[in-house]
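# Tertiary structure, described
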Amino acid sequence: MSEYNDNEREDFFEDTSDIPEKKKEPKKPVLQPDDPRYWEEPEDEFEHLRPAPGSHWKFWVWIGVSAVALGVLWALYLRMFSPYIEDATQYGYVESMEKRGEVFKTFEGVLLPYKNLMDSTRVYEGDIVFSAADAKVAAKLKEMQYSNQPVRVSYKVYKWAMPWRGDSKMIITAVDSVNERHILPPDRRPEYLDHEKNEK
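Please read all numbers here as calculations on a predicted model, not as lab measurements.

### Some details on the overall build of the protein chain
From N to C terminus, the protein chain includes four helices and five strands. Secondary structure elements in the protein chain, listed N-terminal to C-terminal, are α-β-β-α-β-α-β-β-α. Counting over 200 residues, the protein chain shows a buried share of 26%. Restricting the contact set of the protein chain to residue pairs at least 6 apart, pairs at least 24 apart contribute 55%. Looking at the protein chain as shown, the accessible area adds up to about 16,500 Å², and 55% of this sits on carbon and sulfur atoms.

Rendered as structure tokens:
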């Protein structure tokens, strides 16, 4: 015997036509500013925070355009202003140094790499074309060219050569004289350096 009384169960098929339906309240019309009743309603304090109807797509378009613009600016920054090689060092002789340009006056030069000059087993890889960072660095390079002394230069390399920096992607930031005996390891030093050392 069932512990539940059949009469107590809900009858899902019971006729409910005599039960009055709840009347749905009509939606309050959205008044526009050109309707006089619009100005009679009390102002909602949060109304100014709600986006205007149909403005969602404008928001996402603005976000998309901003993201693309930021991406382009970031790519240009990396190409134009951020060096991809920094604090690099090279040894050699300054072959030429000159001032160029019509609008932007820059200092351009050529460096003969010391290790390539002294390496008799490999083919010469070529000269290094560079631009100087400022007038003081250029003057020091010019002085080292006249004295025919080997130099140690610090430089940066950019993705693009820009007119205000110079014609080259390689920018010399610092220059100093160096002793030839300290540039190459003993097994690669030219014989005349060892003779000079023995004479002293």
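### Re the pattern of salt bridges
Scanning the model with the defined rule gives three salt bridges in all. Linking Glu98 and Arg100 is a salt bridge whose minimum nitrogen-to-oxygen distance equals 2.6 Å. Residue Glu98 is classed as partly exposed on the basis of its relative accessible area, which comes to 40%. Judged by its relative accessible area of 34%, Arg100 falls in the partly exposed class. Measuring nitrogen to oxygen at the nearest pair gives 3.5 Å for the salt bridge that ties Asp176 to Arg152. Taken together, the positions of Asp176 in strand 5 (residues 170-177) and Arg152 in strand 4 (residues 151-157) put the pair 24 residues apart, joining distant regions of the chain. By relative accessible area, which is 35% here, Asp176 ends up partly exposed.

What counts, and at which threshold
By convention here, each chain's residues receive numbers from 1 onward along its written sequence. Local features in a predicted model are, by the rule used here, given only for residues with pLDDT of at least 70; side-chain atom pairs are given and counted only at 80 or more, and totals for whole chains, interfaces and linings are based on all residues. Hydrogens and water molecules were not included; the side-chain quantities draw on all heavy atoms of the structure. Strands here mean DSSP runs of E at least two residues long; helices mean DSSP runs of H or I at least four residues long; both are numbered from the N terminus. Buried residues are those whose accessible area, probed at 1.4 Å on protein chains only, stays under 20% of the maximum for their type, while exposed residues exceed 50% and partly exposed ones sit between those limits. Pairs of residues are marked as contacts when any of their non-hydrogen atoms sit within 4.5 Å. Per-residue and other accessible areas follow the Shrake-Rupley method at a 1.4 Å probe size, with only the shown protein chains counted as cover for residues. Should a side-chain nitrogen of Lys or Arg be within 4 Å of a carboxyl oxygen of Asp or Glu, the pair is scored as a salt bridge.

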